[in-house]
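Report on the structure
Here is what each chain is made of, one letter per residue.
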Amino acid sequence: MSRRHSLYARPLSAAVAAVAILGGTAAAAPANLAVPAPGPYTATYATSATLDDTYYQDALGKTGAELKTALHAIISDQTKLSYSQVWDALKATDEDPANPSAVVLLYTGRSRSKNDNGGNPGQWNREHVWAKSHGGFGTARGPGTDIHHLRPEDVQVNSIRGNKDFDNGGSELGSAPGNFTDGDSFEPRDAVKGDVARMILYMAVRYEGNDAFADLEPNDRVNNGSTPWMGRLSVLKRWSQEDPPDAFEKRRNDVIFERFQHNRNPFIDHPEWVGAIW
């Protein structure tokens, strides 16, 4: 086990622990591997100093492309879920702190029963924050199932967002006040603007085109269509600054690391690395 992970061994199920330890880089969870059951969970936040001494030790002191390369190597060491396993994972990662039987929806901010998931109006489904058509990865293990950018969202609001890039402006959604959209972009509510930015930038570092998927990169455009690009970078950078990581986002990062994928979003732990790379 690498020094990065040794300090963070948690009381996971034996099967999950075996995958995390023996699987090596980017281990895939077997189809019959049980995802840890969703339920009340209190994360013990890892301090930045501890993470820097272990998990991020190979990234310290670097900037620009060198930092991006180092972080890619670190966060690519992960367990991959199947798309069906994502359902239960999201019930744990996005659990409502005020109601353990519900999840918090990303764009609307509403609390909805964990069991009210599916594809019908009024239910919640799995939103790919990095739109899965931007790079054509669909729901394949890897970018299509990476819960660092998959979030619960209302079926109809998810459909309105579609595969649009992120930018400011547009008309406010009646069904989701605080969110705006126009023909080629989507602006989320203020409370999750930074979350969205950090998810997009995580994807750009994690998926660099060397694991059978497209090289995902942010750019300063909208209307990127099916290309492996996501915009608008200048707006995402500003959102990350204006909306720093809160307790919900930090807990989510810890739950993913400890219970599911065993990798982290570095921009939650080190928001300053956004400007250090871009």
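Heads up: the structure comes first, above all this text.
Below is a short write-up of the structure. Positions within a chain are numbered from 1, following the residues in the order the chain's sequence is written. Only residues with pLDDT of 70 or above have their local features reported here, since the model is predicted, and side-chain atom pairs are shown and tallied only from 80 upward, although totals for entire chains, interfaces and linings are computed over all residues. For the side-chain quantities, the full set of heavy atoms in the structure was used; hydrogens and water were omitted.

1. Here we look at the overall build of the protein
Cut-off, in case you're wondering: In this text, helices come from DSSP runs of H or I with a minimum length of four residues, and strands from runs of E with a minimum of two, each type numbered from the N-terminal end. Contact criterion: two residues are considered in contact whenever any of their non-hydrogen atoms come within 4.5 Å of each other. Here, Shrake-Rupley sampling with a 1.4 Å probe gives the accessible areas, and only protein chains in the shown set may cover a residue.
Within the protein, the secondary structure is distributed over 11 helices and 13 strands. Contacts in the protein between residues far apart in sequence, at least 24 positions, make up 68% of those at least 6 positions apart. Surface accessibility of the protein: about 10800 Å² in total, with carbon and sulfur atoms responsible for 52%.

2. Regarding the sheet that holds strand β9 (residues 171–173)
Backbone hydrogen bonds hold the strands of a sheet together, and the pairing may be parallel or antiparallel. Quick reminder of the rule: Here a strand pair is declared whenever DSSP counts at least two bridges between the two strands.
Read from one edge of the open sheet, four strands run β8-β11-β10-β9, paired in mixed fashion. If you trace the sheet from one side to the other, it starts and ends with β8 (165–166) and β9, each paired once. Direction of pairing for β8 relative to strand β11 (residues 185–187): parallel, over a ladder of two bridges. In the strand pairing of β11, Phe 166 is matched with Phe 186.

3. Examining the packing of helix α5 (residues 83–93) against helix α9 (residues 247–260)
Operational definition: Throughout, an axis means a line fitted to C-alpha atoms (over the contacting stretch in the case of helices), and angles, computed between N-to-C directions, take values from 0 to 180 degrees. Roughly parallel means an angle under 35 degrees; roughly antiparallel, over 145; roughly perpendicular, 65 to 115; everything else is oblique. Note on convention: near helix rotated counterclockwise from far helix by under a right angle means a left-handed crossing. Clockwise means right-handed. Three classes are used: nonpolar for Ala, Val, Leu, Ile, Met, Phe, Trp, Tyr, Cys and Pro, charged for Asp, Glu, Lys and Arg, and polar for all others, with Gly counted as polar.
Relative orientation of the contacting elements α5 and α9 amounts to 135°, with a least axis distance of 9 Å. Taken together, α5 and α9 sit at an angle that is classed as oblique. Where α5 crosses over α9, the two elements pack in a sense that is right-handed. On α9, the residues touching Ala 89, Leu 90, Ala 92 and Thr 93 of α5 are Phe 248, Arg 251, Arg 252, Val 255, Ile 256, Arg 259 and Phe 260. Taken together, the residues of the contact of α5 with α9 break down into seven nonpolar, one polar and three charged.

4. Focus on the packing of helix α7 (residues 193–206) against helix α8 (residues 233–242)
Taken N-terminus to C-terminus, the directions of α7 and α8 make an angle of 125°; their axes are 7 Å apart at the nearest point. One finds that α7 runs oblique with respect to α8. Considering only the axes of α7 and α8, their crossing is left-handed. When α7 is examined against α8, the residues Lys 193, Gly 194, Val 196, Ala 197, Arg 198, Ile 200 and Leu 201 are found in contact with a partner set consisting of Leu 233, Leu 236, Trp 239 and Ser 240.

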